[in-house]
Amino acid sequence: MPEAVLRIGEKEVSLPLMTGSVGETAVDISSLRDETGAVTLDDGFANTAETASDLTFVDGEAGVLIHRGYTIEDLASEASFLEVAHLLLFGALPTKGELESFVGSIQEHLHVDSAIRNVFSAVPQDAHPMQVLGSAVAALGGHYADDLDPNDPESVERNSYRLIAKLPILIAWAHRAREGQEIVDPIPGADYVANFLEMMFGDGGHIDEQEQIAAKALDSLLLLHADHGQNCSTSAVRLVGSSGANLYGAITGGIFALSGPLHGGANQEVLEMLASISEDGGDVDKYINRAKDKDDPFRLMGFGHRVYKNFDPRANVIRTTAEEVLNRLGVDDPLLDVAVQLQKRALEDDYFVERKLFPNVDFFSGIIYRALGFPVDMFTTLFALGRLPGWLSQFKEMKTDSSNRIFRPRQIYTGEPKRAWLPMEER
Ligand code: ACO
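For clarity, every value in this text was computed on a predicted model and none was experimentally measured.

Asks: Would you explain the packing of aromatic side chains in this entry?
Replies: The relation between two aromatic rings is expressed through the spacing of the ring centres and the mutual angle of the planes. The tally for this structure, following the rule as stated, stands at 14 aromatic pairs. Both rings, one in Phe-303 and one in Phe-352, keep their centres 5.8 Å apart while their planes meet at 75°; by these two values the pair is edge-to-face. Here Phe-303 is found in the loop between helix H13 (284-292) and helix H14 (313-329), whereas its partner Phe-352 is found in helix H16 (residues 350-354), with 49 residues between them in sequence. With respect to class, Phe-303 is no different from Phe-352; both count as buried. Relative to Phe-364, the ring of Phe-363 has its centre 5.1 Å away and its plane inclined at 80°; by these criteria the two rings are edge-to-face. For the pair Phe-363 and Phe-364, one class covers both residues: buried.

Asks: Could you clarify how one ought to interpret the layout of surface pockets in this entry?
Replies: It is a probe the size of a water molecule, rolled over the atoms, that shows where empty space is left. Its volume calculated, the second largest pocket comes out at about 590 Å³. Ala-79, Lys-216, Ala-217, Asp-219 and Ser-220 are, among the 28 residues lining the second largest pocket, the residues nearest its centre. No other element matches helix H9 (residues 209-224), which puts seven residues into the lining of the second largest pocket. Class assignment of the residues belonging to the lining of the second largest pocket gives a composition of 14 nonpolar, seven polar and seven charged.

Asks: How should I be thinking about the site of the ligand in this particular structure?
Replies: The environment of the ligand is made up of 20 residues, and the closest members are Arg-299, Leu-300, Gly-302, Arg-306 and Tyr-351. His-263 is positioned with one of its side-chain polar atoms (N or O) 2.9 Å from an oxygen atom of the ligand. Here the ligand, which alone exposes 920 Å², has 75% of that area covered by the protein. For the shell around the ligand, the residue count by class is 10 nonpolar, five polar and five charged.

Asks: Looking at this model, I keep getting lost on empty space enclosed by the protein. Mind explaining?
Replies: Tallying each qualifying case throughout the model produces one cavity of 30 Å³ or more. Estimates place the volume of the largest cavity at around 100 Å³. Looking at the largest cavity, it is lined by 14 residues, and the ones nearest its centre are Ile-106, Gln-107, Leu-110, Tyr-192 and Asn-195. Every element with two or more residues in the lining of the largest cavity is listed here: helix H4 (96-107), helix H7 (153-179) and helix H8 (192-201). In terms of residue class, the lining of the largest cavity is built from 12 nonpolar, two polar and no charged.

Asks: Would you mind going over the environment of Leu-140 with me for this structure?
Replies: Here Leu-140 shows up in helix H6 (residues 129-141). With a relative accessible area of 2%, Leu-140 lands in the buried category. Along the primary structure Leu-140 and Ala-46 are separated by 94 residues, whereas in three dimensions their C-alpha atoms are 34 Å apart. Aside from chain neighbours lying at most four places away, what touches Leu-140 is Val-112, Ile-116, Leu-163, Lys-166, Leu-170 and Tyr-248.

Asks: I tried to follow the nonpolar core on my own but got confused; where do I start?
Replies: Nonpolar side chains tend to gather and get buried jointly when the protein is soluble and globular. Within the largest apolar cluster, 115 residues are counted, with the highest numbers of intra-cluster contacts made by Ile-251, Leu-300 and Phe-374. In terms of residues, this core owes the most to one element, H7, which gives 12 residues. Once you skip the residues sitting within four places of it in the chain, Leu-300 turns out to touch Met-273, Ile-288, Ala-291, Leu-342, Ala-346 and Phe-352.

Asks: Would you mind going over the sheet that holds strand S1 (residues 3-8) with me for this structure?
Replies: Two modes of strand pairing occur in sheets, parallel and antiparallel, and in both the strands are linked by backbone hydrogen bonds. Strand order in the open sheet made by the three strands is S1-S2-S3, with antiparallel pairing throughout. Sheet topology places S1 and strand S3 (25-27) at the edges, where each strand pairs with a single neighbour. Put simply, the sheet's adjacent strands are angled 30° from each other on average, direction ignored. In this sheet, strand S2 (residues 11-19) lies alongside S1 in antiparallel orientation, the contact comprising six bridges. Directly across from Leu-6, in S2, lies its bridge partner Val-13.

Asks: How should I be thinking about the side chain of Ser-235 in this particular structure?
Replies: Mapped onto the secondary structure, Ser-235 falls in helix H10 (residues 232-242). Judged by relative accessible area, Ser-235 falls into the buried class, the value being 16%. A distance of 3.2 Å separates a polar side-chain atom of Ser-235 from the backbone oxygen of Gln-230. Other than its neighbours up to four places away in sequence, Ser-235 contacts Glu-50, Gln-230 and Phe-407.

Asks: Quick question: what am I supposed to make of the pairing of S2 here?
Replies: Along a regular strand, successive side chains alternate from one face of the sheet to the other. Following S1, the chain reverses through two residues before pairing antiparallel with S2; Gly-9 in that reversal takes a positive phi of roughly 60°. Examined bridge by bridge, S2 and S3 share three bridges and lie antiparallel to one another. Within S3, the position partnered with Leu-17 by the bridge is Val-27.

Asks: Can you walk me through the pattern of salt bridges in this structure?
Replies: Side-chain pairs of opposite charge can arise where the charged atoms are in close proximity. This model, assessed by the stated rule, comprises 15 salt bridges. Asp-349 is the partner of Lys-292 in a salt bridge, and the nearest nitrogen-oxygen pair spans 2.9 Å. Within this pair, whereas Lys-292 is found in helix H13, its partner Asp-349 is found in the loop between helix H15 (334-348) and H16, the two being separated by 57 residues in sequence.

Asks: Got a minute to help me understand the sheet that holds strand S5 (residues 64-67) in this structure?
Replies: Strand order in this open sheet of three strands is S4-S5-S6, and the pairing throughout is antiparallel. Looking along the sheet, the strands with just one partner apiece sit at the ends: strand S4 (56-59) and strand S6 (70-71). The sheet contact formed by S5 and S6 spans two bridges and is antiparallel. Bridge assignment links Ile-66 to a residue of S6, and that residue is Thr-71.

What counts, and at which threshold
- Residues numbered from 1 in each chain as written.
- Predicted model: local features only at pLDDT ≥ 70, side-chain atom pairs only at ≥ 80, totals over all residues.
- Heavy atoms only, no water.
- Phe/Tyr/Trp six-rings, centres within 6.5 Å; stacked < 30°, edge-to-face > 60°.
- Helix = DSSP H or I, 4+ residues; strand = E, 2+ residues; numbered from the N terminus.
- Buried < 20%, exposed > 50% of the residue type's maximum accessible area, 1.4 Å probe, protein only.
- 1 Å grid on protein atoms, 1.4 Å probe; cavity = no way out; pocket = protein on both sides within 12 Å on 5 of 7 lines; lining within 4 Å.
- Points joined across faces, edges and corners; volume = space filled by probe spheres on them.
- Nonpolar A, V, L, I, M, F, W, Y, C, P; charged D, E, K, R; others polar.
- Near = heavy atom within 4 Å.
- Polar contact = N/O pair within 3.5 Å; in protein donor to acceptor, adjacent residues only side chain to side chain.
- Areas by Shrake-Rupley, 256 points an atom, 1.4 Å probe, with all protein chains shown as cover.
- Contact = heavy atoms within 4.5 Å.
- Core = buried A, V, L, I, M, F, W, Y, C linked by side-chain atoms within 4.5 Å.
- Pairing = 2+ DSSP bridges.
- Axes fitted to C-alpha atoms, helices over the stretch in contact; angles between N-to-C directions.
- Salt bridge = Lys/Arg side-chain N within 4 Å of Asp/Glu carboxyl O.

Any functional reading would require information beyond the geometric quantities listed.
Here you go:
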């Protein structure tokens, strides 16, 4: 069996190697502390595989993203969001019948108890939608107290359908409540994404051609976000779930992890950045220089990625989609020009080239969300909706993995060593 040899002082230990299905190598250090007393230190887990997983492969150096063997480019051009959700959850692209049955199982759960609306009135109108969404999902779990066993696969599957069905409703309700508008109920039998747009912006009636164009674009964006390996929010879902907490608790953890500006919150920040560059006269070079200045906290939002050191393949698809959608909807958005110029300048600049900083998935997505009519601070809720199938699939995978243990990392203590107790009068 292949192994790695590690010497710590005089002591030498052999550690087994694990090889993934496309040749990635991992050193299994689980016996290291028992054998040597040492632990590993890995800031930001940049070099740590927290699990083995069959779901998603990312090759950041080559700019490759694959779900269960299928490239993101093929999925984006051929599949729908719910087909990809099925692929992630059940391991295979659905047949026509399987897709109908999957959609039917989601449609069974289109009712949300009206008591959940109290969450929207319990927060001030300027509360961030991600704060509201996380609270609503946590509250939703309270409605299924007798069906929350995370170790019961059928219950997890049922609750997965519930969450896929209800998350768009909660997002639309949150938006309407804030706008002081009446809620619009989901239309039974309607397309998943078109229904969501109707609940957000329509009157629950006919879904017209413009809405269908918008729905197709949003479907594609949701699909591009469906899973991405052990990113911050997915790790949060697994971490919360590893303690035996239920699915709603784990997904709530994922939503709040996603809300941060270094993760899903970046899509809002990108658009705000593009708008302020535009308002400031569109001087792209000024902002490129600010991003390079170590004394300036400004970062080029939507640029850089922990894993991708090459183009984020999702950003390529999204840029094309953005141009198509704006054309088809007849929207002329000057922020797209600012984004294209920023990208061009950054990709020619040594600072960005040397650090391998490329546009990530968030760089162009906000321009499409804006064209579809979403308020800027709702953007991250759309990321959450897209990422939901990934979170659910990762939770399911963790729960069916017999080697799953509670996540409990170590630390290196750097505080005061043991010292004598200091009475109050001597301090
Ligand atoms: N603008 C300017 N400089 C940057 C940027 C940026 N967007 N991103 C990284 N850098 C620089 C850092 O200052 C650092 O420079 P140094 O080596 O001279 O100190 C170097 O590039 C490495 O950056 P780190 O922050 O160490 O990289 P890390 O992997 O920890 O962070 C992250 C990745 C958080 C995505 C970072 O690139 C960033 O903040 N980007 C902007 C926010 C963003 O777009 N987030 C969305 C990520 S995608 C997603 O979550 C879906």
